[in-house]
Structure formats: structure tokens, C-alpha cells
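Close look at the chain arrangement
Each chain is listed here by its residues.
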Protein chains: 2
Amino acid sequence: MSSRKAVSTKKSADGLSLYLKRQRSLVEAALKRAVPAASVRPSTIHQAMRYSLLAGGKRLRPILVLAAAESCGGEVTQALTAACSVELIHTYSLIHDDLPCMDDDDLRRGRPTSHKAFGEGVAVLAGDALLTQAFGLLSKINPTKRYPLSVYLEETALAAGSLQLIAGQVADLEAEGNSLTISDVRFIHERKTAAMIVLPLRLGAMSANATPSQLKSLTEFGSALGLAFQIIDDILDVTQSSEQLGKSAGKDLTAAKATYPAVIGIEASNKEAARLTRKAHAALKPLGNKGVRLIEIAEYLLGRTC
Amino acid sequence: MSSRKAVSTKKSADGLSLYLKRQRSLVEAALKRAVPAASVRPSTIHQAMRYSLLAGGKRLRPILVLAAAESCGGEVTQALTAACSVELIHTYSLIHDDLPCMDDDDLRRGRPTSHKAFGEGVAVLAGDALLTQAFGLLSKINPTKRYPLSVYLEETALAAGSLQLIAGQVADLEAEGNSLTISDVRFIHERKTAAMIVLPLRLGAMSANATPSQLKSLTEFGSALGLAFQIIDDILDVTQSSEQLGKSAGKDLTAAKATYPAVIGIEASNKEAARLTRKAHAALKPLGNKGVRLIEIAEYLLGRTC
């Protein structure tokens, strides 16, 4: 029994790894076309945009767009534009988050951060340009009657705006050095991270013309997964080296930042991440077999070490 | 003859002044509703957004949206959302442009700049949030068959993006201290300023379901007016005090920045602004009487002293 289970888990892990590789290369190719070539004048800004956008990374958010589309019976090709839009927003937020006036990070995805490579002024503008182009890309999606362009636009602006992603960044910035409750940290994580996990799942579902009940399942899945994902990020920051992470490790605790380990410890944080992952699984039950890929992705994220 | 002309000019100036006042109060009221209340958590970001957005200013760009709509036979109310969107983008670009890593300005519209009042981190995020909300607002416009939402979105992202507004900012940043030709300065001004004068005129026309020929007239008007507007800004920076301008004066020449006066002198700059204003007038001829208000605005901008 246990050896059969091991074989099946191994097979599924191989399948997932191939799946992620295939989706990642679709996303990489689309991202290369999503912003102007580095030679376009003024080339500095396009070099800086491409430097951060095409620096590798897990591509988790765009892959979630594609996987969500498939889980609702849709085509990956219909979801690629929204996938790129979400990754552009994610990249812009990293560039601005790394600035000296924010987290002041020198290292991202194993390379110097944008302001280290191009200077602060160009880094601010490269972030601005990626955010702007993320919305520009949305003008190219193929909307359906159930999900017109206005819905994509409204949801994207909400998730990336001052009530969600930016609310999380500001609360995070203000939290530094203060004594926080778990509810404060959760407020920050839900906005800073989970909102931009829920968004890709919803956009992917919308591109597949999902039913309202499918959309609801994916939203609940995303809320739980997003929070779990950030908790694991917090834990890895404490337990892994900078080399393993490709970014400066151990910064969260030294800066007394808003993290789960800092407030409830590592063991309780691990348990909470596992509980949320189970909750995420349960949310996908109504999708049946079509939800398997997303569940595999959730398990992979829980088990990751970098 | 000459006394009649004086009376008619005076009457027209009175009319324009009342018109601008009325449009400005429409815009102010709409802007107050366009971003979350200052009390919404986290309140710092919403305070910072409102601090810069509701700091007065000429409201030139949103008024151009409204006037363009009227010049094509449209209603002001149909154009207000696009007007707000454009002003949010303008305000975001000022906040980021004033940052220490860019123009490093302490004063804007007679008050401390955003980073002076809220710190650099919040200023970066307030700009980001205004840009994001500018696109969020577009989800609320009433598109027509000729001008669907995708066209608003595409044009806004293009004008505000790395090929236009941000291209101008980057080229401006890179120009500092370098010897420039008039064609370099024009490249910067067309992108940094004229693109965000053309956009409001086009969005206003689109909200009125303008004919392609009306749209073309307003685009040509905007290109000429936008360049003239920036040249006059350059001239005022040299000739007026900080108190008169409500922002730090004389910075352009000291920083060897890309300006018309620095490259061709003040007299030739004045002549070029006048030539472009005549060109702007000519572009509006096909609109007949309906273009009069926009011509008055152009004349007012040429004659301004702050």
C-alpha cells in the first residue's frame, strides 16, 4: 500500500514538474512580447523593464491564471494575456518594494535589484511603466458577455490598488518596529499577498467563462492559498540562507517586520500554513477532477524550500 | 473699432474665467469621489492620495476632457469619469517626478511635496495607487460602439506608458548635464507633456462619440497646444519667482535641464510658443463655433504668468 502511494506521488510530482515547465515556457515567451524591445528609445526604460520582468522567477501568478482557466474547461491561449498582465503587476510591485525608501533590498531573484542596476529614478519609472503596461495588456483580452472588459479592469485595479496590494505594502511599512497582533499580520498578508493570488485565479476563470459557482470556488481557494503562501515565505526567510532564496534572507526578523513566525513562532506558523492548505483543497472539491492540477500546485507551494 | 474689440475681448475673458471656474468645481467634486475617503484603512495611503489630488491646481487636463466633449456636441457628465482618470495620472506623475531620486522638489502647488509630507515610501505608493485607480475609474465609463472600453484603455496606457509620458521622464532624467539639441528637447516635451494633453482631448472627444475627423482635429490641436504649454512652463521657470509659481523656480537652468530657453533662448522660445498656438487654432477650424472654447483656453495658456 505505502509503496504504491509513493509511486503515485512520485508520478504526480513528475507530472506537475513537467506541467509547470511547459506553462512557464508559454508565459516566458508571452512576457517577451508583452513589453517593448530593449532597443526602443529611450532604451534605458525598456532595458530596465525587461531586466526585472525576464529575470526568471517561479511565475506562480501567471501559471495560476492558466491553471484556473483549465480548471473551468477553458483554453490556455485565451488566458495568456491576463497571465502576463498579472506578472507585470507582480514585477512592478517587487521593484518598488525593493527601493531604499521601502524594504531597501539589494538582491532579487539572485541578481542586483532594479535600483542597484539602473539607479533609483529609473527603477521607480520601470515599475510605473510595468504597472501601466499591465493595464494596457488588458485592452487585448477577449471578453465574454458574462465577463466584459470592465470587470477585468475593475477587479485588477481593486486587487492592485490602495484597498488591497498597496494597502498591504503601506500597513507593512508602518508596522516596522511596532508590536503586532496576529490579526494585524493577517490584515497585511491578505492584502499584500493573497489579493494578488486571488486575482490571477479569478481572471483565469473569467477567461474560461466560468460559472459563478466555479468562480466562487477558485476565489476561496485563492484566499486560503495566498495566505498559506505568504506564511511559508515568512518561514523560509527565517530558516533559509540568502543563497538558497536568491534574495536577502533573515531581513524580516531583524527589521521586526510583520510576519507569522515573529508573532506566533515557526511551529505554529507551519501548522497554520498546513491548515490553510487543507482549506484550499476543500474549496476546490466542487471542481472535481479538473481541480487536481491546482491542488498539486498548492501542495508544491506548501512543500517548497525556496 | 479698437474699443469694441477691447470690450469683446474682455467679455470673452470674463466668459472663459466663469467657464473655467464652473468646470473646475465639477472636476473637484468628482475627484473627491474618485478615491477612497481619508478614513479608510490604512488611512495613511488615502490621506496621501487626497493630499496631492485635492491640492487645487489648474485642472487643465480634466477641463480639456470636458471642453473636448462639448466641442464634439457631447455632454460634460458623460466625460467626467475620463476627466478624473486623466487628473489621477497627472497627479501620480507629479508625485513621482518630485521624488529625491528624480527632480528632488520640496514644493508643489504651494505646499510641501508628497515625500516631504508623508515620507518617500508612502509617496511612491500614493503615486502607484493613483495610477492604479486611474485605470480602475475607466471601468466605469459608458463606451460607445465606435469607442469601446478597450480603446480608452489602450490609448490611456500608451500615453502614460514607456513610449510616451514615462519615455519623456526618462529622457529628461538622462538629459541632465548633457548638451542637447532642440530636437532632443522636443522629443522630451512631446512625450513628457504633449502626450498627456492629447490624451484628455481624445478621451473627451470619444465620450461624445466624435467623428473620426473631429478626433483628428482635436489630436492635432493637442499636439501643438501641449508643446506650446511646456515651452511656456520652461519660460516661466526662468522668469518667475517660486512664490508666483507655487513650486521651486529657476531649477531648470541650474540643473542644465532639457528646456527650450536653455537651448534656443527666451525670445525664440516665446516665438515658438506663439507659432504653435496659431497652429493649434488652425487645427480647430473644422469644428467651427464649437471649437471657440478650446481656442480661448489655448490663448489663456499662452498668456499665463504662473
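Quick look at the structure, then. This is a predicted model, so every value here is computed, not measured.

Rules and cut-offs
Residues numbered from 1 in each chain as written. Chains lettered and ligands numbered in written order. Predicted model: local features only at pLDDT ≥ 70, side-chain atom pairs only at ≥ 80, totals over all residues. Helix = DSSP H or I, 4+ residues; strand = E, 2+ residues; numbered from the N terminus. Buried ≥ 20, exposed ≤ 12 C-beta atoms within 10 Å, placed from the backbone. Contact = placed C-beta atoms within 7 Å. Core = buried A, V, L, I, M, F, W, Y, C linked by C-beta atoms within 7 Å. Expected span 1.5 Å × (residues − 1). Least-squares fit on C-alpha atoms with pLDDT ≥ 70 in both. Axes fitted to C-alpha atoms, helices over the stretch in contact; angles between N-to-C directions. Parallel < 35°, antiparallel > 145°, perpendicular 65-115°, else oblique.

A word on the overall build of chain A. Check the secondary structure of chain A and you find 15 helices and two strands. When burial is assessed residue by residue, chain A has 52% of its 306 residues classed as buried. Pairs at least 24 residues apart make up 70% of the contacts formed inside chain A by residues separated by at least 6 positions.

Attention now goes to the interface of chain A and chain B. With 41 residues of chain A at the interface, the matching set in chain B holds 41 residues. Counting residues per element, the ones that place at least two in the side of chain A that touches chain B are helix H2 (43-53), helix H6 (120-138), helix H7 (149-160) and helix H8 (165-175) of chain A. Ranked by the residues each element gives to the side of chain A that touches chain B, the list is headed by H6 of chain A, at 13 residues.

Ranked by internal contacts, the top residues of the largest apolar core, which has 194 residues, are Ala 126 of chain A together with Ala 126 of chain B. For Ala 126 of chain B, the contacting residues outside a window of four places in its chain are Ile 45, Ala 48, Met 49, Ser 52, Ile 95, Ser 114 and Phe 118 of chain B.

The element helix H8 (residues 165-175) of chain B is extensively covered by neighbouring structure, given that ten of its eleven residues are classed as buried. When we look at burial in H8 of chain B, the residues that qualify are Leu 165, Ile 166, Ala 167, Gly 168, Gln 169, Val 170, Ala 171, Asp 172, Leu 173 and Ala 175 of chain B. If you follow the buried residues of H8 of chain B, they end up packed against H2 and H6 of chain A together with helix H4 (76-97), helix H7 (149-160) and helix H9 (182-207) of chain B.

This part takes up helix H6 (residues 120-138) of chain B. Here H6 of chain B spans 28 Å end to end across 19 residues, near enough to the 27 Å set by a 1.5 Å rise per residue. By the criterion of burial, H6 of chain B is predominantly enclosed, with 18 of the 19 residues buried.

In the superposition of chain A on chain B (RMSD 0.0 Å, axial shift 0.0 Å), the rotation amounts to 180 degrees. Given the turn and translation reported, the copies of this chain are related as if by a two-fold rotation axis. Interface overlap between copies is the fraction of interface residues in one copy that are interface residues in the other; for chain A against chain B it reaches 100%, indicating a shared surface.

Turning our eyes to something else, we now look at the packing of helix H3 (residues 60-71) of chain B against helix H15 (residues 292-303) of chain B. All names here are of chain B. Where H3 contacts H15, the axes come no closer than 8 Å and their chain directions differ by 150 degrees. Judged on the interaxial angle alone, H15 and H3 are roughly antiparallel. Here H3 contributes Ala 67, Glu 70 and Ser 71 to the contact with H15, which in turn contributes Arg 293, Leu 294 and Ile 297.

Let us now look at the environment of Pro 42 of chain A. Summarising the element assignment, Pro 42 of chain A is placed in the loop between helix H1 (2-34) and H2. Residue classification places Pro 42 of chain A among the buried positions, given that 24 C-beta atoms sit within 10 Å. Separated by 240 residues in the primary sequence, Pro 42 of chain A and Ala 282 of chain A have C-alpha atoms spaced 50 Å apart. Sequence-distant contacts of Pro 42 of chain A, that is, excluding residues within four places in its chain, are made with Ala 167, Val 170, Ala 171 and Glu 174 of chain B.

Residue and element names in this part refer to chain A. At the junction of Arg 41 and Pro 42, the peptide bond is cis and its omega measures out at -5 degrees in the coordinates. The backbone phi angle of Arg 59 is positive, close to 60 degrees, even though this residue is not glycine. For Asn 209, which is not glycine, the phi dihedral falls at a positive 55 degrees. As for its position among the elements, Asn 209 is in the loop between helix H9 (182-207) and helix H10 (212-239). Asn 209 sits in the partly exposed class, given 17 other C-beta atoms within 10 Å.

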